[in-house]
Amino acid sequence: MAGMRKCIGSAKFGIEAHEAPVEDFPSQPSQKDGLGRMCKPHWNQYTAGLARERKALLAAEAAVESPVVPAAGRKVRTKAATTPEPIRTKPARRRKTEGDPIVEAGEATVEEVSNA
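Details of the overall build of the protein
A tally of regular secondary structure across the protein gives two helices and two strands. Along its sequence from the N terminus, the protein presents helices and strands in the succession β-β-α-α. Burial analysis of the protein (116 residues in total) assigns 11% to the buried set. Taking all contacts inside the protein whose residues are at least 6 apart in sequence as the whole, residues at least 24 apart take part in 31%. For the protein, the exposed surface amounts to about 10700 Å²; the carbon and sulfur share of it is 56%.

Shown next as structure tokens:
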């Protein structure tokens, strides 16, 4: 019995627990003993069952989302094509001295230059 190990099976997918040779178990480094909990054939059945279940769930969700059935030979538009919103830009900043006269470089006094 040293070469045998228990495969846990899956009640959800009708896989019975059983004894199997250690060689039938895939390596699983995260487990303490380094082996998986299911034998390879049952692991494949289990993952295939999960995939079928997920595919059926997605098909059911798609049927609920779009109950409109197109007429033969006609295309039905589900969503109107939308154009992207244009990029909004800020208007150019105005001069702070819009109403005031512009002082030439040679005409400015020291106080006016230091306050600016």
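Structural notes on the nonpolar core
With six residues, the main nonpolar core is built from C7, A20, F25, L35, M38 and C39. Not counting chain neighbours up to four residues away, the residues in contact with A20 comprise G3, M4, R5, F25 and C39.

Considerations on the pattern of salt bridges
Applying the stated criterion across every chain yields a total of four salt bridges. Notably, a salt bridge pairs E53 with K12, separated by 3.1 Å at the nearest N-O pair. Within this pair, whereas E53 is found in helix α1 (residues 40–65), its partner K12 is found in the loop between β1 (4–7) and β2 (18–21), the two being separated by 41 residues in sequence. With a relative accessible area of 37%, E53 lands in the partly exposed category. The exposed category is assigned to K12, whose relative accessible area is 57%. R37 is paired through a salt bridge with D33; the nearest N and O atoms lie 3.6 Å apart. Looking at R37, the relative accessible area reads 34%, which means it is partly exposed. A relative accessible area of 40% means that D33 is categorised as partly exposed. One salt-bridge network, held together by shared partners, links R5, D33 and R37.

Thresholds applied
- Residues numbered from 1 in each chain as written.
- Predicted model: local features only at pLDDT ≥ 70, side-chain atom pairs only at ≥ 80, totals over all residues.
- Heavy atoms only, no water.
- Helix = DSSP H or I, 4+ residues; strand = E, 2+ residues; numbered from the N terminus.
- Buried < 20%, exposed > 50% of the residue type's maximum accessible area, 1.4 Å probe, protein only.
- Contact = heavy atoms within 4.5 Å.
- Areas by Shrake-Rupley, 256 points an atom, 1.4 Å probe, with all protein chains shown as cover.
- Core = buried A, V, L, I, M, F, W, Y, C linked by side-chain atoms within 4.5 Å.
- Salt bridge = Lys/Arg side-chain N within 4 Å of Asp/Glu carboxyl O.

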